[in-house]
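# Structural overview for review
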Amino acid sequence: MFEAPASTTGSTKPVASRSPWKRYTDIMQQGLDYISSRAKGEVKSLRTQWEGFNSIGLNGIEWQSLYVLAARPGVGKTLIAASLTRELQRINKDQDFAVLHFQFEMLGRNLALRELSSANRMNIRYLQSSGDADLPPLSAADMKKLVDYVGTQGHRQDYVIDTPLTVLEMRKALIDFYKEVKKPFVVTLDHTLLVKQSGTETNRQMTLQNLATMMTEMKNALPITFLVLTQLNREIDDPDRQKPGSLSNYPTEADVYGSDYLLQCADVMIAYNRPAKYNLSLYGPLKYIIQPDDKYLLAMHVLKNRFGETGIQWYKAEYAHMTIVEAKAPMQQPRK
């Protein structure tokens, strides 16, 4: 059903010899075949642990799609993506797929530490014997729990590339990986600013444009779904945007770094905000009431959604245990 495009490091021979145009009736038939396959359960979305997140797509993450997840530093982009992908294979046991992480921000070891913390409900500083006054040294019993957990994970089809690559190197890695595993796979990229700039790219914008073009090509050619992490621009930190209860509290598409390129190829674009970080007692024009103990509350803004509606969802980050859980929307200030 899928054929790998020609490698950029060798021959530029096309995948198949055919005209660039297609009859629209053939496209209609493809759409009908897809509908039939979903009705029969032959094609399924990837369900996540978050019902709200599932509702963004078709009861889960759709194959051959691209999700852009954006936030300012300190909100937890990496934690969100890691929490999501960690559960995908457990929840979707009826689907055979792999996960490939382009982890350019941190060592693969640190990604593993976060999972060990979350899966075993242990404080991540405790795991590393940080020596904090309120944390005892890691016990032998807990060390055994960690060893036992790692021993149960041999079936996982997760892979990590933690050396920054150029766009062309990433493209080749994707093609080679598909040839190796011969199955659909989810790709995470953490994050766009850390993609290596090639010698022919004169600025970061050119790199990002090439990245967006490459991901569009790959998701159309292969059974790949992308979860791409990027930054929100610094403008969201401006004091003028931190007036409680104003529309400017909300991130917009223009706040997403590289939105000029990513917005076109993204099927879903999400921006995360942490209202308490900006001391916003009232958040946005709907005037959500942010309490002092809401410091880990995350507002997830669905800015673009090719599968359905946009809007706001609420989550809570449990940073000590490296996990994300769904949360109820805060109360709104009554209208006068």
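Here, every reference points to the structure presented above.
Residues numbered from 1 in each chain as written. Predicted model: local features only at pLDDT ≥ 70, side-chain atom pairs only at ≥ 80, totals over all residues. Heavy atoms only, no water.

### As for the environment of Thr192
- Inspection of the secondary structure puts Thr192 in the loop between strand E4 (185-190) and helix H8 (204-221).
- Expressed as a C-alpha distance, the spacing of Thr192 and Lys295, which sit 103 residues apart in the sequence, is 27 Å.
- Leaving out residues up to four positions away in the same chain, Thr192 has contacts with Arg204, Leu208, Leu211, Val228, Leu229, Thr230, Tyr257 and Leu262.
- Of the polar contacts made by the side chain of Thr192, one reaches the side chain of Thr230; its length is 2.7 Å. (Helix = DSSP H or I, 4+ residues; strand = E, 2+ residues; numbered from the N terminus. Contact = heavy atoms within 4.5 Å. Polar contact = N/O pair within 3.5 Å; in protein donor to acceptor, adjacent residues only side chain to side chain.)

### A closer look at unusual backbone geometry
- With an omega of -10°, the peptide bond running from Asp190 to His191 counts as cis.
- Tracing the chain through its elements places His191 in the loop between E4 and H8.
- You will see that Lys182, though not glycine, has its phi angle at about 55°, which is positive.
- Within the secondary structure layout, Lys182 lies in the loop between helix H7 (167-181) and E4.

### Examining the pairing of strand E9 (residues 297-305)
- Of all nine residues in E9, nine are buried; the element is thus mostly enclosed.
- Pairing between strand E6 (residues 268-273) and E9: six bridges, direction antiparallel. Note on E9: the bridge partner recorded for Met269 is Lys304.
- Across six bridges, E9 lies against strand E10 (residues 311-318) in antiparallel orientation. Within the sheet, the bridge partner assigned to His301 lies in E10 and is Ile312.
- Where E9 folds back on E10, the antiparallel hairpin that results is connected by five residues. (Buried < 20%, exposed > 50% of the residue type's maximum accessible area, 1.4 Å probe, protein only. Pairing = 2+ DSSP bridges.)

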